[in-house]
Amino acid sequence: MSIAWATPLGLAALAAVLVPIAIHLLRRAEHRTTPFAALRFLRATGLPRRRLRIAEPALLALRCALVAVIALLLAEPLLERPAASGRHVVAVVPPVTADAARARLAFPETTDARWLAPGFPPLERASPAAAQQSASLLRELDASLPAGSRLDAVVPEIIAGLDAERARLSRAVGWHVVTGVAPQTGEPTAPRKRRIVLDAAADDPARRPVEAAVKSWRVRGDEVELLDSLPAQSLPRDATLVRLGAPLDAAHLRWVESGGTALVAPDPDPGGRVIARLAGSGAVVRERRAGRGRIIAVSVALEPATLPEVFEADFPERLAAWLDGERPAPAAARADAVKPLPGARAPTPRPEPLAPILALLAALLFAIERAWASGLRRRRLA
């Protein structure tokens, strides 16, 4: 533990300790010299020297202590306790096994090794299921560790249970990837039936990403029917209109209001609920209601020049989520790309103010001093 001072200039008030010392020394003037006739025959050199004597030294010490306590109170002392001793914690993310984690990191048996699972069970227990909220559990573990602790994570090559952004922890974390291990990200989705009406010019570069997404859906097992431009009165009720390069005209807008779904790109209209933000291009995807239907508005064109995300492997899934009314969530990603970032510092214990204790001590010393001085005064008068 150590002492810090919130107002160090208050220590200058310690000089006031000289005041009671000076008062006690000046009290010597109260003694009057009385002439004594027999002393006139003594030579001055033979007289005893007068020594510097302090009246009531115990009372003086009490008053000096009172002044010193008040000076310390003005300096606002703070008690800083040492931070809790840190420890080394290893978090193992399923489906990495305990043996694989020890082989990858080679930590001693005395290390606090735990599964990254609810409750953070010890590594000696059976491996929990792999489908966990890895990002939120890692934040929870980081927040529970005292300052100065070291945190290492042994993760599979593909990590599941992610949030919409990279985790930001209060400390740097050792990120150890075990290659060749990947979790099961969930049950395969059931095949879906879609009827896509692609309304775009034949030479529009934005057609190709949509056509590639349709092929990807078919490979996955979905039943997808891709139709070319149709007039509004011929649009099937269960179709999804993808209109590229031009806003909706009045006829198509009426079709949407009757219960249809349309994706429009580009559409910089700021209205509607944001359902996706694409970091690479800065594009925003919004959803707004139109009667009984939905309009999915992409702020930029669906072409590689303005939306480089169309080259990413998960773009078909993103596009399907926008059209189906689902918010895409990055359930899994490569572990080497989602290493947590060191963020805000871990909370440190606040220094404890000593002012209440000093104030109580000053009041106690003042009461004792007053009682002592009053007793001395009564004895003198008696």
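Our structure's up above, just so we're on the same page.
These numbers were taken from a predicted model, which means no experiment stands behind them. (Residues numbered from 1 in each chain as written. Predicted model: local features only at pLDDT ≥ 70, side-chain atom pairs only at ≥ 80, totals over all residues. Heavy atoms only, no water.)

1. A look at the overall build of the protein chain
Counted only if it meets this: Counting from the N terminus, the helices are the DSSP runs of H or I reaching at least four residues and the strands are the DSSP runs of E reaching at least two. For every residue, the accessible area (1.4 Å probe, protein chains only) is compared with the maximum for its type, and the residue is labelled buried under 20%, exposed over 50%, or partly exposed between those bounds. In this description, contact between two residues means that some pair of their heavy atoms is separated by no more than 4.5 Å. Here the Shrake-Rupley method, with its probe set to 1.4 Å, supplies the accessible areas, and only the displayed protein chains count as covering residues.
In terms of regular secondary structure, the protein chain is built from 8 helices and 18 strands. In the protein chain, which comprises 382 residues, the share counted as buried stands at 37%. Partitioning the contacts of the protein chain with sequence separation of at least 6, the portion at a separation of at least 24 is 67%. Accessible area for the protein chain stands at about 22900 Å²; split by element, carbon and sulfur atoms hold 58% of it.

2. Digging into the sheet that holds strand E9 (residues 193–199)
Strand pairs in the sheet, formed through backbone hydrogen bonds, run parallel or antiparallel to each other. So the rule is basically this: Any two strands are treated as partners once DSSP identifies two or more bridges connecting them. Axis geometry follows a simple rule: fit a line to the C-alpha atoms, using only the stretch in contact for helices, then measure angles between N-to-C directions, giving values from 0 to 180 degrees.
The strand order across the open sheet built from 7 strands is E10-E9-E11-E12-E15-E14-E13, with neighbouring strands paired in mixed fashion. Strand pairing shows two members of the sheet lacking a second neighbour, strand E10 (223–227) and strand E13 (273–277), which therefore form its edges. Adjacent strand axes in the sheet meet at a mean angle of 20°, parallel and antiparallel pairs treated alike. Here 4 bridges tie E9 to strand E11 (residues 240–244), and the two strands are oriented parallel to one another. Its bridge partner being in E11, Val 197 is matched across the sheet by Leu 241.

3. Observations regarding the pattern of salt bridges
Cut-off, in case you're wondering: Each reported salt bridge corresponds to a side-chain nitrogen of Lys or Arg within 4 Å of a carboxyl oxygen of Asp or Glu.
Taken as a whole and assessed by the stated rule, the structure comprises 24 salt bridges. Note that Asp 269 is salt-bridged to Arg 288, the shortest N-O span being 3.9 Å. Residue Asp 269 is found in the loop between strand E12 (261–265) and E13, and its partner Arg 288 is found in strand E14 (residues 284–290); the two are separated by 19 residues along the sequence. Asp 336 is paired through a salt bridge with Arg 334; the nearest N and O atoms lie 3.6 Å apart. With a relative accessible area of 44%, Arg 334 lands in the partly exposed category. Residues joined in a network through salt bridges with shared partners are Arg 192, Arg 194, Asp 222 and Asp 324.

4. Some points on the packing of aromatic side chains
Geometrically, a pair of aromatic rings is defined through the distance of the ring centres and the angle of the planes. Convention followed: Working definition: rings of Phe, Tyr and Trp (its six-membered ring) pair if their centres are within 6.5 Å, and the pair is stacked with planes under 30 degrees apart, edge-to-face with planes over 60 apart, and tilted otherwise. As a reminder, the over-ring test applies to NZ of lysine and CZ of arginine, requiring each to be within 6 Å of the ring centre and within 35 degrees of the ring normal.
Enumeration according to the criterion identifies 1 aromatic pair in this entry. Aromatic pair Phe 315 and Trp 322: ring centres 6.1 Å apart, planes at 85°, arrangement edge-to-face. As far as the burial class goes, Phe 315 and Trp 322 line up, both buried. For the cation-ring pair, Arg 194 lies above Trp 217, with the distance from its terminal atom to the ring centre recorded as 4.7 Å.

5. Observations concerning helix H4 (residues 134–144)
Here is the rule we go by: As used here, the arc belongs to the directions running from the helix axis to the C-beta atoms.
Ser 134, Ala 135, Leu 137, Leu 138, Leu 141 and Asp 142 are the residues of H4 that are buried. All buried residues of H4 project into a common sector of 165° when viewed along the axis, lining one side.

6. Looking at the pairing of strand E3 (residues 88–92)
Threshold: Here, the term right-handed applies to a crossover whose path from the first strand over the helix to the second runs clockwise when the strands point away from the viewer.
Within E3, 4 of the 5 residues are buried, which leaves it mostly tucked inside the rest of the structure. Pairing analysis gives 5 bridges linking E3 to strand E5 (residues 150–156), with the strands arranged parallel. Note that in E5 the partner of Val 89 across the bridge is Leu 151. For the crossover from E3 across helix H3 (residues 98–105) to strand E4 (residues 112–115), the handedness is right-handed.

7. Quick notes on a nonpolar patch on the surface
Basically, it comes down to this: Like charges are joined within 9 Å and nonpolar side chains (Val, Leu, Ile, Met, Phe, Trp, Tyr) within 5 Å, but only among residues with over 30% relative accessible area and no salt bridge; these make up the patches.
There is a patch of nonpolar side chains on the surface, built from Leu 361, Leu 364, Ile 368 and Trp 372 and spanning about 340 Å² of accessible area. Examined against the element boundaries, Leu 364 turns out to sit in helix H8 (residues 355–381).

8. Overview of the packing of helix H5 (residues 207–220) against helix H7 (residues 315–324)
Threshold: Any angle from 65 to 115 degrees is called roughly perpendicular, while one under 35 is roughly parallel, one over 145 is roughly antiparallel, and all others are oblique. In this count, Pro and Cys sit with the nonpolar residues alongside Ala, Val, Leu, Ile, Met, Phe, Trp and Tyr, while Asp, Glu, Lys and Arg are called charged and the others, Gly among them, polar.
Across the interface, H5 lies against H7 with an axial gap of 9 Å and an inter-helix angle of 90°. For the element pair H5 / H7, the angle class is roughly perpendicular. Two secondary-structure elements touch here, H5 through Pro 209, Ala 213, Ser 216, Trp 217 and Arg 220 and H7 through Phe 315, Pro 316, Glu 317, Leu 319, Ala 320 and Leu 323. Partitioned by chemical class, the residues of the contact of H5 with H7 number 8 nonpolar, 1 polar and 2 charged.

9. Observations concerning the sheet that holds E3
Strand order in the open sheet made by the 4 strands is E4-E3-E5-E8, with parallel pairing throughout. In the strand order of this sheet, the two ends are held by E4 and strand E8 (173–178), each with one partner. Each strand of the sheet is rotated relative to its neighbour by a mean of 20°, with strand direction disregarded. Of the pairings in the sheet, the one linking E5 to E8 comprises 6 bridges and is parallel in character. Bridging from a neighbouring strand, Leu 151 pairs with Val 173 of E8. H3 rests against E3, E4, E5 and E8 of the sheet, and its axis sits at about 115° to E8. Across the sheet, H4 lies against E3, E5 and E8, angled at about 165° from E5, the strand it touches most.

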